[in-house]
Amino acid sequence: MPFFAYKARNARGELVEGVLESADTDAVARHLMGLGIAPTKISPSKNPSEISVFSALKKFFEPKVLALDVQLFSRQLYTLLKAGVPIMRSLSGLQESAANIAFRAVIRDLRESLDSGRDLSNSMQRHKAVFSLFYVSMVRVGEMTGHLDAIFYRLSEHMEFEREMRNRVKAALRYPTFVVAVMVIAMVVVNIFVIPAFAKVFAGFNAELPLMTRILLGVSGFFVSYWLLILGAMVAAMFSFRTYINTVPGRYLWDRWILNAPVFGRIILKATLARFSRSFALSSKSGVPIVQALGVVAHTVDNAYIASRVEQMRDGVERGESILRTATASQVFTPVVLQMIAVGEETGAIDDLMDEIADMYEGEVEYELKTLSANIEPILIVALGIMVLILALGIFLPIWDLGRVALHK
């Protein structure tokens, strides 16, 4: 019997899709109606096993939805809504103009979900990989207050800030990463090709080699003999590490340690607090209650340790404590920031003060990123010097000793 693909709505108005084998479309419709599902579209299809394989391959090669796609979507939707274009027409136009195929499918699902009676925030919540909890919460606030266009504008500005921060960090780490990669490659080449070649020369000396040379020869021999085991151990260690940090306690400990890491720790801390301050200011300006705003913002900082501190602040405010008291107890803010929070609470302009805090942290992060390469260069130079010194002592010291013995003869 032939196969038919169907689209239908259940009793709650949710979209249901699938493939059935039946005699004709009427039989499929009767079967769906018997299940309490109202069909909206039934069309001939292929064997579902063939569809699943094709869909899996298509999904593998299909481009992913990027943060830039969501940012442009937010800015364009703000422009359309501000101009008075209805939401359904706006989504229809954005679907047609979307360059990313995967995001086009997301927008189409948003339209179908709105058409079934859902609101926009619940429709977006179905795509958690595309729209974050913070994004969905802000859209829900816009629906409640009737200022959806302003919310999309603020979200686009917020995502632009996030993108700039990521690009600055990548640009600052590009040079150190390149130098470290070259050093690792050089060590591998020396251990595989250079030291074994010198080992043949040293074997003909018939004399006791210096300690450093023996260590180098031993390390090189172990590397050449057990390189597969070493590679497997490195892969296993990396897999174990990734598995551990994906657990709740592992992520918490890693995020806490990274904030105290030399050189990078203070940059990550300031960038995280800038993200928190900007998100909190955005939520407050949009009319979100402080307790709810702190709960939502805790999911945007992208650091489990800071998120736990923000949740402690939320619990303290919920018990009736002031924001200043809870922020002081969190032990993550500087005294200057705590003073600004105190002023914001007294004047009732906490959202404006949090924006200023975000600006201050962003300025400090920008300065830290500009000087990052200069701070890392001495460390890289010292590491490179130590590596060259070890190689020089281990390889050339025996040759120098042999030449000195020959001269005395």
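Presented here is a report on the structure given in the accompanying data block. (Residues numbered from 1 in each chain as written. Predicted model: local features only at pLDDT ≥ 70, side-chain atom pairs only at ≥ 80, totals over all residues. Heavy atoms only, no water.)

Glancing now at the packing of helix α16 (residues 335–347) against helix α17 (residues 350–370). At a closest axis distance of 8 Å, the pairing of α16 and α17 adopts a crossing angle of 160°. With respect to α17, the axis of α16 lies roughly antiparallel. Between α16 and α17 lies a crossing of right-handed hand. Together, V336, V337, M340, I341, G344 and E345 of α16 and I350, L353, M354, E356, I357, M360 and Y361 of α17 make up the contact between the two elements. (Axes fitted to C-alpha atoms, helices over the stretch in contact; angles between N-to-C directions. Helix = DSSP H or I, 4+ residues; strand = E, 2+ residues; numbered from the N terminus. Parallel < 35°, antiparallel > 145°, perpendicular 65-115°, else oblique. Left-handed = near helix turned anticlockwise from the far one by under 90°. Contact = heavy atoms within 4.5 Å.)

What follows concerns the nonpolar core. The nonpolar side chains of a soluble globular protein tend to be buried with one another. By size, the foremost hydrophobic cluster in this structure holds 76 residues, and its most contacted members are F73, M124, F131, Y135, F152, F276 and F333. The leading source of residues in this core is helix α8 (residues 148–203), at 10 residues. Contacts of F73, omitting those with residues within four sequence positions, involve L91, L94, F103, I107, L110, M124, F131 and Y135. A8, V28, L32 and I37 belong to the second largest nonpolar core, which has six residues in total. (Core = buried A, V, L, I, M, F, W, Y, C linked by side-chain atoms within 4.5 Å. Buried < 20%, exposed > 50% of the residue type's maximum accessible area, 1.4 Å probe, protein only.)

According to the stated counting rule, one finds one cavity of 30 Å³ or more in the structure shown. In this structure, the largest cavity spans a volume of roughly 40 Å³. Around the largest cavity sit F276, F280, L294, M313, I323, I341 and M354, which together line it. By residue class, the composition of the lining of the largest cavity is seven nonpolar, no polar and no charged. (1 Å grid on protein atoms, 1.4 Å probe; cavity = no way out; pocket = protein on both sides within 12 Å on 5 of 7 lines; lining within 4 Å. Points joined across faces, edges and corners; volume = space filled by probe spheres on them. Nonpolar A, V, L, I, M, F, W, Y, C, P; charged D, E, K, R; others polar.)

With that settled, consider the pairing of strand β1 (residues 3–9). Burial analysis of β1 places five of its seven residues in the buried class, the great majority of the element. Two elements, β1 and strand β3 (residues 38–45), share seven bridges in a ladder whose sense is antiparallel. Opposite K7, over in β3, you have K41 as the bridge partner. (Pairing = 2+ DSSP bridges.)

The final tally for this structure, using the stated rule, is 12 aromatic pairs. Taken together through their ring pairs, the aromatic side chains of F73, F103, F131, Y135 and F152 make up a single cluster. (Phe/Tyr/Trp six-rings, centres within 6.5 Å; stacked < 30°, edge-to-face > 60°.)

Turning to its location among the elements, M387 is positioned in helix α18 (residues 372–408). With a relative accessible area of 15%, M387 lands in the buried category. The spatial distance from the C-alpha of M387 to the C-alpha of M187 is 8.5 Å, given a sequence separation of 200 residues. If sequence neighbours within four positions are ignored, M387 has contacts with M183 and M187.

Take helix α4 (residues 87–97) next. Among all positions of α4, only S90, L91, L94 and Q95 are buried. For α4, the angular spread of the buried residues around the axis is 135°, confining them to a single face. Turned more than 90 degrees away from the buried face of α4, the exposed residues are R89 and E96. Against α3 (67–82) and α5 (101–115) lie the buried residues of α4. (Arc of directions from axis to C-beta.)

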